[in-house]
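This is what each chain is made of:
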Amino acid sequence: QVQLVESGGGLVQPGGSLRLSCAASGSIFSMYVMGWYRQAPGKQRELVAAITSGGSANYVDSVKGRFTISRDNAKNTWYLQMNSLKPEDAAVYYCHLRNGVSYDYWGQGTQVTVSS
């Protein structure tokens with residue numbers, strides 16, 4: 001069983017930065033996808049960024065050039081560096097792990113508020 005613990009959300013002004021972290025406990029397979037989703041009030045949860053075990057990263061168009069996903073395999077931790085934040089980035093952010101081909105795990109969610 002894998003558990004994910006997120007940290008790093010908070011309140012930031014437009015144009016500011018935040019870094020989210022997701023630490024996984026338990027065994028992670030050699031093939032995985034680590035990702036970040038977000039859900040704003042009244043909207044569907046959307047994939048923001050993901051990185052595969054092979055190192056391939058992808059991003060939703062709205063965050064390209066501003067957000068960066070990275071990982072520290074030694075710590076079973078992945079990160080979302082968010083720069084140039086906009087009010088429309090405000091949401092609850094969830095980390096996600098696809099472990100192997102069919103095991104899905106979610107973090108508890110962390111609130112990101114972008115407001116002056």
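About the thresholds
- Residues numbered from 1 in each chain as written.
- Predicted model: local features only at pLDDT ≥ 70, side-chain atom pairs only at ≥ 80, totals over all residues.
- Heavy atoms only, no water.
- Helix = DSSP H or I, 4+ residues; strand = E, 2+ residues; numbered from the N terminus.
- Rg over C-alpha atoms; globule rule 2.2 N^0.38 Å.
- Buried < 20%, exposed > 50% of the residue type's maximum accessible area, 1.4 Å probe, protein only.
- Contact = heavy atoms within 4.5 Å.
- Lys, Arg positive; Asp, Glu negative; His and termini not counted.
- Charge placed at Lys NZ, Arg CZ, Asp CG, Glu CD.
- Polar contact = N/O pair within 3.5 Å; in protein donor to acceptor, adjacent residues only side chain to side chain.
- Pairing = 2+ DSSP bridges.
- Axes fitted to C-alpha atoms, helices over the stretch in contact; angles between N-to-C directions.
- Salt bridge = Lys/Arg side-chain N within 4 Å of Asp/Glu carboxyl O.

Chemist: Would you mind going over the overall build of the chain in detail, with residue names and values included?
Modeler: Summing up its helical and strand segments, the chain has 0 helices and 11 strands in all. In sequence order, the secondary structure elements of the chain are arranged as β-β-β-β-β-β-β-β-β-β-β. For the chain, the C-alpha radius of gyration of 13 Å lies close to 13 Å, the compact-globule estimate for 116 residues. Split into buried and exposed, the 116 residues of the chain put 40% on the buried side. Look at the contacts in the chain between residues 6 or more apart in sequence, and 52% of them connect residues 24 or more apart. Computing the positive centroid from 10 side-chain charges and the negative centroid from 7, the chain places the two 2 Å apart.

Chemist: Help me get a handle on the side chain of T77, residues and values and all.
Modeler: Counting through the fold element by element, T77 comes out in strand β8 (residues 77-82). One polar contact links the side chain of T77 to the main-chain carbonyl oxygen of K75, over a distance of 2.9 Å.

Chemist: Would you mind going over the pairing of strand β11 (residues 110-114) in detail, with residue names and values included?
Modeler: The alternating pattern of β11 places T110, V112 and V114 on a buried face and Q111 and T113 on a face that is not buried. In this structure, strand β2 (residues 10-12) lies alongside β11, joined through 3 bridges in parallel fashion. Looking at β11, one finds that G10 is bridged to V112. The sheet contact formed by strand β9 (residues 91-99) and β11 spans 3 bridges and is antiparallel. Across the sheet, V92 pairs through a bridge with Q111, a residue of β11.

Chemist: Pulling in residues and values, what's your account of the sheet that holds strand β3 (residues 18-25)?
Modeler: Two orientations exist for strands paired in a sheet by backbone hydrogen bonds: parallel and antiparallel. Pairing is antiparallel across the open sheet formed by 4 strands, whose spatial order is β1-β3-β8-β7. Bordering the open sheet on either side are β1 (3-7) and β7 (67-72), each of which pairs with just one other strand. If you compare each strand with its neighbour and ignore which way they point, the axes differ by 15° on average. With 5 bridges connecting them, β1 and β3 associate as antiparallel partners. Bridge assignment links L4 to a residue of β3, and that residue is A24.

Chemist: Please set out the pattern of salt bridges residue by residue, giving values where relevant.
Modeler: Within the structure shown, the criterion is met by 5 salt bridges. The closest approach of N and O atoms between D61 and K64, which form a salt bridge, is 2.9 Å. For D104, the salt bridge identified is with R98, shortest N-O distance 2.6 Å. Residue classification places R98 among the partly exposed residues on the basis of a relative accessible area of 31%. A single network of salt bridges, built from pairs that share partners, joins R38, E46, R66 and D89.

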